[in-house]
Amino acid sequence: MHPTERLIRKLQITTGLDAEDVRALERLPISVKELAAHSAIVREGERPAQCCLLIDGFVCRSKTTDAGKRQILSIHQSGDIPDLQSLHLHVMDHDLTTLSRCTVGFIGHAALRALTRERPIVAEALWRETLIDSAVFREWIVNVGRRSAVSRLAHLLAEIGTRLQVMHLAEGDRFELPMTQLDIADALGLTPVHVNRVVQELRRAGLLELRKHSVSLPDLPRLKELCDFDDLYLHQSETL
Amino acid sequence: MARYFFHLVSPGESSKDDIGTDLPNAEAAYLEACDTALELSYEMLRERLDPSRHAFEITDAEGHLVFELPFAEVTRPADRMPRRGDLRASIHRQHEHTFRIISELRTNFDQTQSLLKSTKALLTQI
């Protein structure tokens, strides 16, 4: 798999890249690295000179309070560039950490900047990505601030499942989700034991099946109804 | 790390935890139970349920009871948050409570027995 294959697949769903744009993306100099689960990619306060393209695996963005409580802000899957903002906002204001074993590709800021200046459609596509990011953050504020514990988990699972399906990375209603109980707890603002109870509640309701590191959502319509999930905020409709 | 199971005991029913949570020791399990009891209490109050009628029963991987945490212990107004060392105090309080009940039962039993004895003695006099 070419390092940019999933990035290009994702951008092509919603934007009209031409053959020349695709070639320019493929020509980006990328240094590929394998990272273990729970390793830091870039930390709050750092000044990175590169962006991280997630080629395979899952990473999260998070902030930690002075009291040591971590809040996960977003979860990213292959094809995402979760720290694209560092191209223009030079000091990181949050942490970027792997959730699972990951293959990542580092792209120097200079090369990315040159690409966006030469290929305006690519620049628009990447800009659009960061706008979708903020739409997802808005939805997460509602999730953590206003939904019940069971709806919070339902919404998180519906979001990850939907995003993976759009990218053809799910097998029907089943997908890989290598998150620990603690990771899920930090994404939902709940304790791990509370997450545990909610997982069992969804399981008893026939809405969730758990296998080791994989999840299946046998009744996605009912799960979405439970947490008023509307995929509008993911903005994944066909090329505009 | 050891796996602890947090069973929720509610009036008339008990909801088993069949997944469990990995924690370093019983003290960490106690603090985790306190945090979770507080979170569940908020949700119960919103549904007009009384949290003080619920408790966590924490068991280890072998199914042995490690400790119990009545939600009242967390929701009762206190001047500080739960912290390390509280588990010992909580278990101590529960032990004292149990011993008090045992000794009350014993006193009742003794009283009933002596009552029975005097009743029997009275019966033989008839």
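Here the structure is a predicted model, which means the values were calculated and not measured.

Remarks on the overall build of chain A
Here is step 1: Helix and strand counts for chain A stand at eight helices and 10 strands.
Here is step 2: Taken against the 2.2 N^0.38 rule, which gives 18 Å for 240 residues, the C-alpha radius of gyration of chain A at 18 Å falls within 12% of a compact globule.
Here is step 3: Considered along the principal axes of its C-alpha atoms, chain A spans approximately 55 × 40 × 30 Å.
Here is step 4: For chain A, restricting intrachain contacts to residue pairs at least 6 apart in sequence, the fraction spanning at least 24 positions comes to 75%.

Structural notes on the interface of chain B and chain A
Here is step 1: In this complex, chain B contributes 12 residues to the contact, which on the side of chain A involves 12 residues.
Here is step 2: Those elements that place two or more of their residues in the side of chain B that touches chain A are strand 1 (2-10) and helix 1 (26-46) of chain B.
Here is step 3: For the side of chain B that touches chain A, the element with the highest residue contribution is helix 1 of chain B, accounting for seven residues.
Here is step 4: Residues belonging to the side of chain B that touches chain A are distributed by class as follows: five nonpolar, two polar and five charged.

Description of the sheet that holds strand 7 (residues 102-108) of chain A
Residue and element names in this part refer to chain A.
Here is step 1: Read across the open sheet, the three strands follow the order 1-7-3; overall the sheet is antiparallel. The open sheet has two edge strands, strand 1 (30-35) and strand 3 (50-56), and neither has a second partner. Within this sheet the neighbouring strands show an average axis-to-axis angle of 30°, counted without direction.
Here is step 2: Taken together, the six bridges between strand 3 and strand 7 define a ladder with antiparallel strand orientation. Counted as the bridge partner of Leu-54 is Val-104 from strand 7.
Here is step 3: Against the sheet, helix 3 (residues 109-118) engages strand 3 and strand 7, with an angle of about 70° to strand 7.

Quick look at the sheet that holds strand 4 (residues 59-64) of chain A
Residues and elements named next belong to chain A.
Here is step 1: Taken together, the four strands give an open sheet; going across it, the order is 2-6-4-5, and neighbouring strands pair in antiparallel fashion. With partners counted over all chains shown, the strands left at the sheet margins are strand 2 (40-42) and strand 5 (70-76), one partner each. Across this sheet, the average inter-strand angle for adjacent strands is 35°, counted without regard to direction.
Here is step 2: Here strand 4 runs beside strand 6 (residues 95-98); their pairing, made up of four bridges, is antiparallel. Its bridge partner being in strand 6, Ser-62 is matched across the sheet by Asp-95.
Here is step 3: Of the strands in this sheet, strand 4 and strand 5 are in contact with helix 6 (residues 181-188), which crosses strand 5 at around 100°.

As for the packing of helix 7 (residues 192-204) of chain A against helix 1 of chain B
Here is step 1: Axis separation between helix 7 of chain A and helix 1 of chain B bottoms out at 8 Å; the angle between their running directions is 55°. Considering the angle they form, helix 7 of chain A stands oblique to helix 1 of chain B. Contacts from Pro192(A), Val193(A) and His194(A) in helix 7 of chain A reach Glu32(B), Ala33(B), Thr36(B), Glu39(B) and Leu40(B) in helix 1 of chain B.
Here is step 2: Looking at the contact of helix 7 of chain A with helix 1 of chain B, its residues break down into four nonpolar, two polar and two charged.

Points about unusual backbone geometry
Here is step 1: In this structure, Asp228(A) is a non-glycine residue whose phi angle is positive, near 40°.
Here is step 2: On the secondary structure map, Asp228(A) appears in the segment after helix 8 (220-226).
Here is step 3: Using a count of 11 C-beta atoms within 10 Å as the deciding quantity, one classes Asp228(A) as exposed.
Here is step 4: A positive phi angle, near 60°, is found at Arg48(B), a position not held by glycine.
Here is step 5: Residue placement: Arg48(B) occurs in the loop between helix 1 and strand 4 (55-59).

What to know about the pairing of strand 1 of chain B
Residue and element names in this part refer to chain B.
Here is step 1: Pairing between strand 1 and strand 3 (residues 21-23): three bridges, direction antiparallel. Note that in strand 3 the partner of Ala-2 across the bridge is Leu-23.
Here is step 2: Here strand 1 pairs with strand 4 via five bridges, running antiparallel. Bridge pairing in strand 4 links Phe-6 to Ile-58.
Here is step 3: Examined bridge by bridge, strand 1 and strand 2 (residues 13-15) share three bridges and lie antiparallel to one another. Among the inter-strand pairings, Ser-10 is bridged to a residue of strand 2, identified as Glu-13.
Here is step 4: The loop that links strand 1 with its antiparallel partner strand 2 comprises two residues; one of these, Gly-12, has a positive phi angle of about 80°.

Some details on the domain arrangement of chain A
Residue and element names in this part refer to chain A.
Here is step 1: Domain boundaries in chain A define domain 1 (5-137) and domain 2 (148-234).
Here is step 2: Counting residues at the interface gives 19 residues for domain 1, matched by 14 residues for domain 2.
Here is step 3: Elements with a contribution of two residues or more to the side of domain 1 that touches domain 2: helix 1 (5-14), strand 5 and helix 4 (120-146).
Here is step 4: For the side of domain 1 that touches domain 2, a count of residues per class yields nine nonpolar, six polar and four charged.

So, the nonpolar core
All names here are of chain A.
Here is step 1: One finds Cys-52, Leu-53, Val-59, Leu-153, Leu-157 and Leu-188 to be the most contacted residues of the largest nonpolar core, which totals 52 residues.
Here is step 2: When residues in this core are grouped by element, the largest group, seven residues, is from helix 5 (residues 149-166).
Here is step 3: In terms of domain composition, this core takes at least three residues from each of domain 1 (5-137) and domain 2 (148-234).
Here is step 4: Residues contacting Val-59, with those up to four places away along its chain left out, are Ile-41, Leu-54, His-76, Pro-82, Leu-96, Thr-97, Thr-98, Leu-99 and Cys-102.

Basis of the calculations
Residues numbered from 1 in each chain as written. Chains lettered and ligands numbered in written order. Predicted model: local features only at pLDDT ≥ 70, side-chain atom pairs only at ≥ 80, totals over all residues. Helix = DSSP H or I, 4+ residues; strand = E, 2+ residues; numbered from the N terminus. Rg over C-alpha atoms; globule rule 2.2 N^0.38 Å. Contact = placed C-beta atoms within 7 Å. Nonpolar A, V, L, I, M, F, W, Y, C, P; charged D, E, K, R; others polar. Pairing = 2+ DSSP bridges. Axes fitted to C-alpha atoms, helices over the stretch in contact; angles between N-to-C directions. Parallel < 35°, antiparallel > 145°, perpendicular 65-115°, else oblique. Buried ≥ 20, exposed ≤ 12 C-beta atoms within 10 Å, placed from the backbone. Domains from an automatic or database assignment. Core = buried A, V, L, I, M, F, W, Y, C linked by C-beta atoms within 7 Å.

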